[in-house]
Amino acid sequence: MGVIDLAIIGGTGVYALAELADVEAHQPVTHYGPPSGPVRIGTLEGRRVAFLARHGEGHSLPPHRINYRANLAALKALGATRVLALNTVGGITAQCPPRALVMPDQLIDYTWGRISTLCEEPGTDVLHVDFGDPYTQSLRAQVAIAAERAGVAIVEQGCYGATQGPRLETKAEIARMKRDGCDLVGMTGMPEAGLARELGLDYACLGIVANWAAGAGPDPDEIITMDEVLANVQAAMDGVPRILRAMLG
Ligand SMILES: CSC[C@H]1O[C@H](OP(=O)(O)O)[C@H](O)[C@@H]1O
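All values reported here derive from a predicted model rather than from experimental measurement.

**Section: helix H5 (residues 226-236)**
- By the burial criterion, the buried members of H5 are Glu-228, Val-229, Asn-232, Val-233 and Ala-236. The buried side chains of H5 occupy one side of the element, clustering within an arc of 125 degrees when seen end-on. Across H5 from its buried face, at more than 90 degrees, point the exposed residues Asp-227 and Gln-234.
- Against strand E5 (82-91), strand E6 (101-102), strand E10 (202-212) and helix H6 (240-248) lie the buried residues of H5.

Right, here's the structure in full:
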């Protein structure tokens, strides 16, 4: 098993990485079960890169049904040590408008009922990992430098609020999250980040802002549609391969 220079987890609207060459599909089954779909390993800028679609390539898994443990364990078993998570998000604060790319440095977990740790089964070691900075600072720095080199604007700070979904939030929930200090809202940021830490993986998140969160935009009564979400993700994704190339090149 060779080294993987970078593993990418794609979220809503990002089901493949077209830039990868010489792609091979791997179907690992982990101690925690199978991941969301095949892990596709190919080359980019001459480096080995893995890609996994978090919700499955046909987007068949809602956020609370994703086997986050299997996804991360599969990437690790295949040789990944650093993981860049792409997360489609709603923007809550003014610096996070639709189509912005935002790399959070903090998160708040509002999810419930998900398996959120490796220490579930009897006999496994009890882990109390440090999580004060939930994203790996060195990887965040690499992404920031790459974005600058590539000339792609990203917001380098923010707090990601992870909600349970799959429904979107109420205006009151978003107002509370804003008071709590959240800049972004998504449904998959946890337990993924916590599990990555337990597995000893470097992990950072690049949030792709797809919409204003409920009540947060200039028109507080705007209805959030999947058409809007997917169109904005597609537009904002334009800069992501350039960032990846600059990270790897
Ligand atoms: C309105 S789309 C909601 C859906 O998109 C995000 O997924 P991901 O983080 O995997 O890109 C969000 O968390 C929800 O799952």
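Anyway, onward from the coordinates.
**Quick look at the packing of aromatic side chains**
- In the structure shown here, the tally under the stated rule is 1 aromatic pair.
- On the numbers, 6.2 Å between centres and 15 degrees between planes, the contact of Tyr-135 with Tyr-203 is stacked. Residue Tyr-135 is located in the loop between strand E7 (106-109) and helix H2 (137-150), and its partner Tyr-203 is located in strand E10; the two are separated by 68 residues in the primary sequence. By the burial criterion, Tyr-135 is buried, and Tyr-203 matches it.

**Quick look at the UniProt feature "site: Important for substrate specificity" (unreviewed entry) in the protein**
- This chain's UniProt record puts "site: Important for substrate specificity" (unreviewed entry) on Glu-169 and Met-226. Judged by maximum C-alpha separation, these annotated positions cover 58 residues in sequence but sit close together in space, the widest gap being only 14.3 Å.
- With relative accessibility at 13%, the residue Glu-169 sits in the buried group.
- Not counting residues up to four positions away in its chain, the partners in contact with Glu-169 are Thr-163, Ile-174, Val-185, Met-187 and Ala-214.
- Here Thr-163 takes part through its side chain, which lies 2.8 Å from a polar atom of the side chain of Glu-169.
- By the element assignment, Met-226 lies in helix H5.

**Comments concerning the environment of Gly-10**
- Summarising the element assignment, Gly-10 is placed in strand E1 (residues 6-10).
- The buried category is assigned to Gly-10, whose relative accessible area is 0%.
- Sequence separation of Gly-10 and Ile-108 is 98 residues, and the distance between their C-alpha atoms is 21 Å.
- Dropping the residues within four chain positions of it, Gly-10 is found in contact with Phe-51, Leu-52, Ala-53, Arg-54 and Leu-86.

Quick notes on the rules
- Residues numbered from 1 in each chain as written.
- Predicted model: local features only at pLDDT ≥ 70, side-chain atom pairs only at ≥ 80, totals over all residues.
- Heavy atoms only, no water.
- Buried < 20%, exposed > 50% of the residue type's maximum accessible area, 1.4 Å probe, protein only.
- Helix = DSSP H or I, 4+ residues; strand = E, 2+ residues; numbered from the N terminus.
- Arc of directions from axis to C-beta.
- Contact = heavy atoms within 4.5 Å.
- Phe/Tyr/Trp six-rings, centres within 6.5 Å; stacked < 30°, edge-to-face > 60°.
- UniProt positions renumbered as here; feature names shortened; annotations may be inferred.
- Polar contact = N/O pair within 3.5 Å; in protein donor to acceptor, adjacent residues only side chain to side chain.

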